[in-house]
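Residue-level structural notes
The residues making up each chain are set out below.
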Amino acid sequence: ISPEAPVPVLRYSKKSMEAGGASNVANNVHALGAGVAVSGLAADDFAGRWLRKHLYEMGIDVSGIIAEQNRDTIVKTRFATKGQQLLRVDNELTEEINGNSRNAILAYLKEHILGFSAVILSDYKKGVLNSGEFVAEIIRICNENNVLISVDSKSRNIEAFKGADFVKPNNLELAEAVGFAIKDEESLNRAGEEYLLRSGAKALVVTKGAKGISLFRRQQDRLDFPAAEVQVYDVTGAGDTVISTITLGLVSGLDFSDAIVLANLAAGKVIS
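What counts, and where the lines are drawn
Residues numbered from 1 in each chain as written. Predicted model: local features only at pLDDT ≥ 70, side-chain atom pairs only at ≥ 80, totals over all residues. Heavy atoms only, no water. Helix = DSSP H or I, 4+ residues; strand = E, 2+ residues; numbered from the N terminus. Expected span 1.5 Å × (residues − 1). Buried < 20%, exposed > 50% of the residue type's maximum accessible area, 1.4 Å probe, protein only. Arc of directions from axis to C-beta. Contact = heavy atoms within 4.5 Å. Axes fitted to C-alpha atoms, helices over the stretch in contact; angles between N-to-C directions. Parallel < 35°, antiparallel > 145°, perpendicular 65-115°, else oblique. Nonpolar A, V, L, I, M, F, W, Y, C, P; charged D, E, K, R; others polar. Core = buried A, V, L, I, M, F, W, Y, C linked by side-chain atoms within 4.5 Å. 1 Å grid on protein atoms, 1.4 Å probe; cavity = no way out; pocket = protein on both sides within 12 Å on 5 of 7 lines; lining within 4 Å. Points joined across faces, edges and corners; volume = space filled by probe spheres on them.

**Here we look at helix H2 (residues 46–58)**
In this model, H2 (13 residues) spans 18 Å end to end at C-alpha, consistent with the 18 Å of a helix rising 1.5 Å per residue. Inspection of H2 places Ala 47, Gly 48, Leu 51 and Leu 55 among the buried residues, and these make up the whole buried set. End-on view of H2: buried residues confined to an arc of 100°, all on one side of the axis. Turned more than 90 degrees away from the buried face of H2, the exposed residues are Phe 46, Lys 53, Tyr 56 and Glu 57. In this fold, the buried residues of H2 make contact with helix H1 (22–31), strand S1 (37–41), strand S2 (61–66) and strand S3 (75–81). Phi turns positive one or two residues past the end of H2, at Gly 59, with a value near 100°.

Written as structure tokens, this is what we have:
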């Protein structure tokens, strides 16, 4: 404890860097054996250059990553000791990206769309996918070219997801999007049906932590899939693993049920 204030003093041991956010989804899809391209924002700063180099060395196409003036690459710095996180410092700007950036991403998508089997929108509400019109245009381009599109979004602007093959909120994000708490099976059903109706998505996949995953489709009964029974070490990134595995499973020929079973197994590996 510091003699200057009642705070811990850490002795520096080592520093490591990892790709987070949408890059974690890219890492998951790549680890499962698929070719991956990423598009989004990262500045021409130390973190942005590291990120591009790191992904490129993994074999991920980074030509769709663009920089926007006066917008640093998002960096989250965690201070930890013996595996226990003590403090996190976030350097981020989360306001909506500008029109030039949106146009550049759309141009990249249109140029490469015929080479894609699927597109995943990974929305951490950091500005890239804030615009509902922008999201709707990406989905339209995918639909026009018969490319599967899945969405993992913290946004409440769910009407923009019309035409998406599936959307994957967690239980809390589902409740926030529909505006009421999910307390039991009845409220879960009501929330799922309202989300499907309002969003216009073809399917809804709800991750519920230790309670597994629920699948909602129009005019069909809800299907539930239990989570893998594992010793939980860290749940961070489990949602990224789920959307990556289901998306890759669907484009590889699995039906929804088998893709979700596989996703539960993959998420179990990640959290343990």
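Okay, back to it.
**Topic: the packing of H1 against H2**
Look at H1 against H2: their axes get within 11 Å of each other, and the N-to-C directions meet at 10°. One finds that H1 runs roughly parallel with respect to H2. Across the interface between the two elements, Ser 23, Asn 27 and His 30 of H1 pack against Leu 51, Leu 55 and Met 58 of H2. For the contact of H1 with H2, the per-class residue count stands at three nonpolar, three polar and no charged.

**Notes on the nonpolar core**
With 35 residues, the main nonpolar core has Val 119, Leu 121, Ile 138, Phe 161, Leu 174 and Tyr 195 as its most contacted residues. Elements with a minimum of two residues in this core: helix H3 (99–112), strand S5 (118–123), helix H4 (132–144), strand S6 (148–153), helix H5 (171–178), helix H6 (185–199) and strand S8 (203–207). The greatest single-element share of this core, amounting to six residues, is contributed by H4. Other than its neighbours up to four places away in sequence, Leu 121 contacts Leu 129, Val 135, Ile 138, Ile 149, Ser 150, Val 151 and Asp 152. With 30 residues, the next largest nonpolar core counts Leu 55, Val 62, Leu 148 and Ala 259 among its residues.

**Some points on empty space enclosed by the protein**
Over the atoms, a rolled probe matching the size of one water molecule traces out where space is still vacant. On inspection of all chains with the given rule, the structure shows one cavity of 30 Å³ or more. Quantified by volume, the largest cavity comes out at close to 60 Å³. Along the walls of the largest cavity sit Leu 121, Asp 123, Leu 129, Asn 130, Gly 132, Val 135, Val 151, Ser 153, Ser 155, Asn 157, Ala 160 and Phe 161, which together make up its complete lining. Across the lining of the largest cavity, the residue classes break down as six nonpolar, five polar and one charged.

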